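Observations on chain architecture
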Protein chains: 2
Amino acid sequence: MARQSSKINVVPQAILEAAANLFIQRGYEGTSMHEIAKELGVSRTALYYYYKNKEEILVSLTEGLTIVAKQLAAQVVEQEKEPEDALRELVHQHAKLILLHPVQFRVVDQAEGSLPPAQKKVAESARRILLQKFTEVIQRGVDRGRFRLVDAKVTAFAIIGMCNWTAWWFKSNGKKSADEIADILADFSLHGLERAEVKKESKLGVDESLRLLEENLSQLKEVIGTQK
Amino acid sequence: MARQSSKINVVPQAILEAAANLFIQRGYEGTSMHEIAKELGVSRTALYYYYKNKEEILVSLTEGLTIVAKQLAAQVVEQEKEPEDALRELVHQHAKLILLHPVQFRVVDQAEGSLPPAQKKVAESARRILLQKFTEVIQRGVDRGRFRLVDAKVTAFAIIGMCNWTAWWFKSNGKKSADEIADILADFSLHGLERAEVKKESKLGVDESLRLLEENLSQLKEVIGTQK
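What comes next concerns the included structure. (Residues numbered from 1 in each chain as written. Chains lettered and ligands numbered in written order. Predicted model: local features only at pLDDT ≥ 70, side-chain atom pairs only at ≥ 80, totals over all residues. Heavy atoms only, no water.)

Points about the interface of chain A and chain B
For the record, the criterion: In what follows, residue pairs with any heavy atoms lying within 4.5 Å of each other are defined as contacts. The buried area of a pairing is the accessible area, by a 1.4 Å probe, that goes missing from both parts when the two are put together, added over both. In what follows, salt bridge is the name for a side-chain nitrogen of Lys or Arg lying within 4 Å of a carboxyl oxygen of Asp or Glu. Think of a polar contact as two N or O atoms within 3.5 Å of one another; within protein, one of them needs to be a possible hydrogen donor and the other a possible acceptor, and neighboring residues in sequence only count if both atoms come from side chains. In DSSP terms, a helix is any run of H or I states spanning at least four residues, a strand is any run of E spanning at least two, and both are numbered starting from the N terminus.
Between chain A and chain B, the contact holds 51 residues from the first and 54 residues from the second. In this assembly, chain A packs against chain B so that about 4600 Å² is buried in total across both faces, 68% of it on carbon and sulfur atoms. If you look at where chain A meets chain B, you find 4 salt bridges. For D109 of chain A, the salt bridge goes to R106 of chain B, with nearest N and O atoms at 3.9 Å. Scanning the region where chain A abuts chain B turns up 8 residue pairs in polar contact (both at pLDDT 80 or more). At 16 residues, helix α11 (residues 206–224) of chain A tops the list of elements feeding residues into the side of chain A that touches chain B.

Structure representation (structure tokens):
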């Protein structure tokens, strides 16, 4: 029994991946359970053991992204961190979720119209809550004088969009890892929001620190008059 | 004749909008020329006067966004503006293009697989050039010491994604206009890239320059110290 339950955890992931790949190539409507089984190299009976039909696979794909995204975001906000830390974590983990499941994300986006109405509502509500959590953290930063005076909701949409769009371009075999991209997006979001006064206190890397030192040095020389 | 040529300019826009709406609702494959004509309240003959088939409509939709986006971006970069001005303009106009054609953009995204191979290549090349133009401007800002030391390509993807994603959430009857949203996205991009030091660049005295040097030096020591 223990073995079977571990199998249950592993196999659906392979099914979801194979199905997502086919849905993207041929469209959700254009893909049959038979083709999914063939792609996986298993019998249809084996496939039906896990999923009764295509719709159940789509529901499972949607839950695996939309609901997980909402839950992760809610957990960060509950922790009552400083706005900068909360935002960094929100962006990093949402980006990472998409970066690790780009094909699934695009399927969920494209096939949402094919979801059963009840599941569609669940997905919509999860997305609304994700947006709320981002908005809440940004607004908190604005209210505490740490972030610029921005429209928190539009900015939340902008940041979420930046993360979501990675599904359209990220290559897992590219130069940068999912973690590195997630870091870049989190940095960019924070710099986009932090006020200049607060900004210069943030940690710089070695390269940036060196560049700053060189610039300040030549500026000082100029002031003193050694640079003719 | 003059009248007919003005008609040619106006009518295709209505066709493109009606077709885009149907493609989004029913999928590109699930929509016929007959239904598009019905939606427009015109005869099929009238529709065929402008477009020979569904594919031509899709090609036209794709050109109206992808190729226009590339051309607009190329024009900005040619003008050799300051990096900040060039980036602001790039972001504003790309966001505006998507904000004014959200449904078309989503159709082009979803139905790209149905484009004829030659047109697909054209669209891919246009998108590549759009990315190049954004990357170029960001890199120029980094090289001139105006922007932070970022990965220009990843940041270009991030900014373009932020603009593209507006097609998923912007409501033209919402609180903010397309222009206001485009402004917010451009501001956010600039703040995300500009260095805090550049903002307070005004001439410093010897004391202030020295203090800055000391601050940066101790910051560098800290950075190196934590990276053992």
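Quick word on the environment of T62 of chain B
Residues and elements named next belong to chain B. Tracing the backbone through its elements, the reader meets T62 in helix α4 (residues 54–78). Along the backbone, T62 and R148 are 86 residues apart, and their C-alpha atoms lie at a distance of 34 Å. Not counting the four nearest positions on each side in its chain, T62 is found in contact with I67, V108, L115 and A123. In this structure the side chain of T62 is engaged in a polar contact, spanning 2.8 Å, whose partner is the backbone oxygen of L58.

Digging into the nonpolar core
Put simply, the rule reads: Within this scheme, the nonpolar core is defined by two criteria: the residues are buried Ala, Val, Leu, Ile, Met, Phe, Trp, Tyr or Cys, and they are joined through side-chain atoms within 4.5 Å. For the exposure calls, accessible area comes from a 1.4 Å probe over protein chains only, and a residue counts as buried if that area is under 20% of its type's maximum, exposed if over 50%, partly exposed in between.
Residues I57 of chain A together with I57 and I138 of chain B are the most contacted members of the largest nonpolar core, which totals 134 residues. Contact partners of I57 of chain A, with chain neighbours within four places excluded, come to I15, L16, A19, F23, M33, I36 and Y51 of chain A.

Considerations on the side chain of R148 of chain B
The cut-off we apply is this: Only four residue types enter the charge count, namely Lys and Arg as positive and Asp and Glu as negative; His and the chain termini do not.
Following the sequence through the fold, R148 of chain B ends up in the loop between α7 (117–143) and α8 (152–164). One buried charged residue, R148 of chain B, remains without a salt bridge, the closest side chain of opposite sign being D187 of chain A at 4.8 Å. Separated by 3.4 Å, the side chains of R148 of chain B and H191 of chain A make a polar contact. A distance of 2.8 Å separates a polar atom in the side chain of R148 of chain B from the backbone oxygen of G192 of chain B. With residues up to four places along the chain from it excluded, the contact list for R148 of chain B reads D187, F188, H191, E208 and R211 of chain A together with V142, G192, L193, E194 and R195 of chain B.

Overview of helix α2 (residues 33–40) of chain B
All names here are of chain B. Heads up, the rule is: The arc in question is traced by the directions running from the helix axis to the C-beta atoms.
Residues M33, I36 and A37 constitute the buried set of α2. Projected down its long axis, α2 shows its buried positions confined to an angular sector of 100°, all on one face. After α2 finishes, the residue G41 shows a positive phi value of roughly 70°.

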